[in-house]
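A look at the structure
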Amino acid sequence: MKLIIAEKPDQGVTLASIFKMKKHQGYIEIFPNEVFPKGAYVTWAVGHLCQLSAPEKYDSQWKKWSLSTLPIIPSQFEYEVTRDKAKQFNVIKKLLANPSLTEVIHAGDAGREGELIIRNILRLTKSGLPMKRLWISSLTPKAIKEGFLSLLNESDTRNLYYEAYTRACADWVVGMNASRLYTLLLQQQGFSDVFSVGRVQTPTLALIVKRELEIQGFVSEPFWEVQAKFSIDGKKYVGKWEKDGESRIKTKELAEKIAAFCEKKAAEVVDVQAEKKEFHPPMFYNLSALQAETNRRFKFPPKKTLDVLQKLYQKGIVSYPRSDSRHVTKGEGEMFPVILNKIAGLDEYKAFFPLPNSSLLNNKRYVDDKKVSDHYAIIPTEQVPNPNKLSPDEYILYDLIVKSLIAAHYEKAVTEYTSVITLVDGRASFQSKGKVQLEEGWRKVIPPFDKDKEPTLPSLQVGEKGTVQKSEVKESKTQPPKRYTEGQLITLMKTAGKHIEDKELEKVLMSTEGLGTEATRAGIITMLSDRKYIDIKKNLVYATPKAKILICAIGSEILASPEMTAKWEQRLKDISEGTASPKQFMEQTNKMVFHLIDVSVKNAGEWIFEEEDKNNFIPAKSKFRRPTQLGQCKYCDGQVVDKGNFYGCSNYSKNKCNFNISKKILGHAITQKVVKQLLKDNITDIIEGFSNKDKTFSAKLSWDEQERKIKFVFPHS
C-alpha cells in the first residue's frame, strides 16, 4: 500500500477524486484500482507544516536581542513542527507508521518549495520508506493518472531539495542576523522599531526607495508649447511647433510670439513619412506577466492574482500557476486543438473561430521544449468549465488565459505610423503624428487596453497647402519619475538584473529569476506593506520614512543591491544541478554576515538621516504610546499632537477643540519640526516648494492671532 502526501488539502482531494475513495479526518482512503492495485492513502500538508527553529532553541543566550551575541549561526540547522499545524502533522506521522505501507509518493507542488515542504515532514517523522515523486503541471484527471503512472525516482529531485533547504537556511542566517543588527543599531539612533531585513525584500525595498528619492529630489521646471490647428484643402488636423526636434520652449514670451506669428498664416505640407510596424501576438503568460497584466487592467494586487489562479488550478482548468516559462512543450502543443475545440463551443469565444492558424507546433515563439524547465506556461487545460459557474475574479483570469491561447493562433497586427511636417509661412515647422491600424490580426481577440492617444491623420500629400486656423500656447511643467504600481513592481523584481552595472552579474540575474521567485514576489510586496516599509495608495507604491531610514543605514552594503542576489541565485542554481556544494555556500553566507556586522557597527556613528524622515518616522507600535506633544494649542490649553493624517488638539475628545494643521499645504509636506516652530514662535523659517496652479513658490508660515488662522508670509514683503 502507498501513501500520497500532497501540499494542500484541496490538492489532496483533487488527486484522490479520480478514484473510488472514502474521506477520513485528515486523509482519504483510495480503494484498490488499476493504478494502485492494493489501494492507497492520500494526506496533505497545510503549506509549511515545519519551520526552522527559533534562535533560542539552539542557545538560550540568543533569545535576547543584543549586539554582543551576534552573529547567530547554528552548527546544525533544525526544523520543528509549526505549533498550529501539529494536528495534521500527527495524522501524517500515524499514517507513516502503518506497517502495510511500502512506499511514499511525494505529491507536493512540482517546484523547489513543494520539494522542501514534503521532504521536511518525512525527515521529522524519521520515515525510512522508499519515496517516489509525482511531477505534474495540471490537475486534470488525465494529467493526474498519467503522473501516477510515470513517477520520478527520489534521486531525480534530490538536488532540488538541497537547493531549497540551503536557500531556507541561508535566508534564515541573513534575516535573523541583519534584522537584529540594524534594529539594535537604529535603536541607538533613536528609532524604536523592529527593522526586518532580508535577502530579497531589502534589495527590492532599495529600488523602491531609490525611486522615492528621485521623486523627492526632482525640481519641476515650467515650459511652453505652441499648437496649431490646420485646414489643408478642407482636411483638418493639429500640429506641434518644433525646432531641431525640440518642442519645449523655455519662456512664455517666446511661445506667445511664435503663436502670434503663425495665426492665420499660410501653411504647406513639406514632408510625409509613413512606417508600417508588425506586432506579433503576445506570448503565453507566466505568473509575473499575468500578475502585471491583471494589475494594469483591473488593479488586482499581485497576491490576489496568485490566490485566484491557485483556485483555478485546483479546479483543474488551468495549468500550474507558479510557472516562470512562457513556452510549452511539443506534447502540450499537440493538445491545443482538443482544448480549442471545447473553447469554441462557449458563447464568449465563438466569434474568434475558426482560427486563422490551426496549429502552433512549428512556431518556436510558443512551442519550444528547450525553453521549458520545470513547468510550461500558464494555459487552459482540456477541462473547459462553464464560465457562468466561475466567480467574477476567476472569470477575469480565465478569460485572459484563454484569449492568450486563441490570440497565439492569429496573424500579426499591422499598424501604420505617420509623421507629417507642416511649414507655416515658410519658416515655422510643426509636426503631427498619427497611426492607422491596417490589419487587425490578433487584436481582434485582445484589443488595446490603453486608449489611443495619437489621433488618426487625414491622408496628406507633400505640396498640399492651406492655412493655420488657430494657434495657441500650452503651458506645462516637467514631471518627476512616476511611482511604481504593484504590477510594475512585480516586473521590476523579475528584471532586477537591469539595475546591475556589472554586466556579468546582470547576465546571471537575468538568466535566473531576478529578485525572488514567481511564487514569492507577491508575498514580498505584502510583507513590505505589513512591515510598514511601503504604503500602497490607489495602486501606487510609496516608500515610508521607515524604509528610507533603513536603506540609508544599509547604504552601499551588498545586502541592499541585486548583486548579492545574482551571486546567490547562480550558486543555488548550481546546487540544484549538482555542481556546487551546499556546505561551501553556507560558509560563504556566514562570512558575509560576519563582514556585515563588523562594517555596520563601525559605520553606524556616521549615519546621517534626512530631518523630514526623522520627524515623520512613526514606530509600528506608536499607537500604544502617548503621542509626542508638539506645542500649545492656539485655541485652548490642550497640546497639539500627530493624529496620523493631520496635527490636532489633544483636547478634542474632552471639549471638541477643532484646532488642526494639515500635513500637506499646497503640495508641501508639513513636518513635526515645522509645526513645533510655528506653535512656539508663531512663524516658521522660509519653506521652499509650495505649488499653486503649476507655479512653485517659497514662503514662511505665520499664525495670525486676529484671524485665528495660518497665513503665508512672502520674502521681502
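Just above sits the structure.
Quick caveat, the model's predicted, so the values are computed rather than measured.

Here we take up the overall build of the chain. Secondary structure assignment for the chain yields 22 helices and 26 strands. Taken along the three principal axes of its C-alpha coordinates, the chain extends 95 × 75 × 55 Å. Sorting the 717 residues of the chain into buried and exposed places 50% on the buried side. In the form shown here, the chain has an accessible surface area of approximately 36,000 Å², with 49% of it arising from carbon and sulfur atoms. Of note, the chain has its 110 positive side-chain charges centred 5 Å away from the centre of its 89 negative side-chain charges.

So, on to empty space enclosed by the protein. Evaluation of the coordinates by the stated rule reveals 1 cavity of 30 Å³ or more. Its boundaries defined by the atoms lining it, the largest cavity holds a volume of some 80 Å³. Contributing to the lining of the largest cavity are Ala6, Gln11, Leu15, Ala107, Gly108, Asp109, Ala110, Leu134, Ile136, Leu139 and Tyr313. Each residue belonging to the lining of the largest cavity can be placed in one class, and the counts come to 8 nonpolar, 2 polar and 1 charged.

Pairing is antiparallel in the open sheet, where 4 strands are placed in the order β18-β19-β20-β21. The open sheet is flanked by β18 (629-632) and β21 (660-662), the only strands paired with a single partner. Neighbouring strand axes in the sheet, compared pairwise and without regard to direction, differ in orientation by 20° on average. Strand direction decides the pairing type here: β18 and strand β19 (residues 639-642), joined by 3 bridges, are antiparallel. Counterpart to glutamine 629 in the pairing with β19 is valine 641. Packing against the sheet, helix α22 (residues 672-681) makes contact with β18, β19, β20 (646-649) and β21, and its axis sits at approximately 20° to β18.

It is worth spelling out the pairing of strand β10 (residues 222-232) at this point. The element β10 is largely enclosed, with a buried count of 8 among its 11 residues. Here β10 pairs with strand β15 (residues 465-477) via 11 bridges, running antiparallel. Paired with phenylalanine 230 across the strands is valine 468, a residue of β15. Across 6 bridges, the pairing between β10 and strand β11 (residues 235-241) is antiparallel. Residue pairing across strands places alanine 228 opposite glycine 239, the latter belonging to β11. Between β10 and β11, which pair antiparallel in sequence order, lie 2 residues; one of them, aspartate 233, sits at a positive phi of approximately 50°.

Our next topic: the packing of helix α7 (residues 201-217) against helix α16 (residues 521-530). Their axes nearest at 10 Å, the elements α7 and α16 cross at an angle of 70°. One element, α7, and the other, α16, form an angle in the roughly perpendicular class. In this structure, α7 contributes Gln201, Thr204, Leu205 and Ile208 to the contact, and α16 contributes Ile524, Met527 and Leu528. Residues belonging to the contact of α7 with α16 are distributed by class as follows: 5 nonpolar, 2 polar and no charged.

Turning our attention to helix α4 (residues 112-124). Relative to the 18 Å expected for 13 residues at 1.5 Å per residue, α4 spans 18 Å between its end C-alpha atoms, a close match to the ideal helical length. Counted residue by residue, α4 has 10 buried out of 13 residues, so it is predominantly covered. By the burial criterion, the buried members of α4 are Arg112, Gly114, Glu115, Leu116, Ile117, Ile118, Arg119, Asn120, Ile121 and Leu122. Phi turns positive one or two residues past the end of α4, at lysine 126, with a value near 55°.

Ordered by their spatial adjacency, 6 strands build a closed barrel running β10-β11-β14-β13-β12-β15, and the pairing between neighbours is antiparallel. Direction aside, neighbouring strands of the sheet carry axes that sit 35° apart on average. Packed onto the sheet, helix α8 (residues 252-262) meets β10, β11, β13 (413-424), β14 (428-439) and β15 and runs at close to 165° relative to β15.

Moving on: the nonpolar core. Counting 85 residues, the largest nonpolar core has Tyr182, Leu186, Leu205 and Leu550 as its most contacted members. Residues in contact with tyrosine 182, not counting those within four places in the same chain, are Phe195, Val197, Leu550, Ala553, Ile554, Glu557, Leu559, Leu596, Ser600 and Trp607. In this structure, Ile28, Phe284, Leu309 and Ile446 belong to the second largest nonpolar core, which totals 68 residues.

This paragraph deals with the state of the cysteines. Enumeration according to the criterion identifies 0 disulfides in this entry. You can see cysteine 633 has no disulfide; the closest cysteine sulfur is in cysteine 657, sitting 3.6 Å from it. This cysteine, cysteine 636, is not joined by any disulfide, and cysteine 649 carries the nearest cysteine sulfur, 3.5 Å off.

Scanning all chains against the criterion turns up 29 aromatic pairs. Plain terms: the ring middles of phenylalanine 19 and phenylalanine 148 are 6.2 Å apart, the flat faces sit at 50° to each other, and that makes the pair tilted. Placement of phenylalanine 19 in the loop between α1 (9-16) and β2 (21-24) and of phenylalanine 148 in helix α5 (residues 141-149) is noted, with a sequence separation of 129 residues between them. Phenylalanine 19 gets classed as buried once you look at its relative accessible area, which sits at 12%.

What follows is about the pattern of salt bridges. Enumeration according to the criterion identifies 38 salt bridges in this entry. For lysine 2, the salt bridge goes to glutamate 103, with nearest N and O atoms at 3.3 Å. You can see lysine 2 sitting in strand β1 (residues 2-6) and its partner glutamate 103 sitting in strand β7 (residues 103-107), a full 101 residues away along the chain. With its nearest N and O atoms 2.9 Å apart, the salt bridge here joins lysine 303 to aspartate 307. Here lysine 303 pairs with aspartate 307, and both are found in helix α10 (residues 302-314), just 4 residues apart, close to one helical turn. For aspartate 307, a relative accessible area of 36% puts it in the partly exposed group. Taken together, the salt bridges that share partners define one network made up of Glu115, Arg119, Arg133, Glu154 and Arg158.

So, how was this worked out
- Residues numbered from 1 in each chain as written.
- Predicted model: local features only at pLDDT ≥ 70, side-chain atom pairs only at ≥ 80, totals over all residues.
- Heavy atoms only, no water.
- Helix = DSSP H or I, 4+ residues; strand = E, 2+ residues; numbered from the N terminus.
- Buried < 20%, exposed > 50% of the residue type's maximum accessible area, 1.4 Å probe, protein only.
- Areas by Shrake-Rupley, 256 points an atom, 1.4 Å probe, with all protein chains shown as cover.
- Lys, Arg positive; Asp, Glu negative; His and termini not counted.
- Charge placed at Lys NZ, Arg CZ, Asp CG, Glu CD.
- 1 Å grid on protein atoms, 1.4 Å probe; cavity = no way out; pocket = protein on both sides within 12 Å on 5 of 7 lines; lining within 4 Å.
- Points joined across faces, edges and corners; volume = space filled by probe spheres on them.
- Nonpolar A, V, L, I, M, F, W, Y, C, P; charged D, E, K, R; others polar.
- Pairing = 2+ DSSP bridges.
- Axes fitted to C-alpha atoms, helices over the stretch in contact; angles between N-to-C directions.
- Contact = heavy atoms within 4.5 Å.
- Parallel < 35°, antiparallel > 145°, perpendicular 65-115°, else oblique.
- Expected span 1.5 Å × (residues − 1).
- Core = buried A, V, L, I, M, F, W, Y, C linked by side-chain atoms within 4.5 Å.
- Disulfide = S-S within 2.5 Å.
- Phe/Tyr/Trp six-rings, centres within 6.5 Å; stacked < 30°, edge-to-face > 60°.
- Salt bridge = Lys/Arg side-chain N within 4 Å of Asp/Glu carboxyl O.

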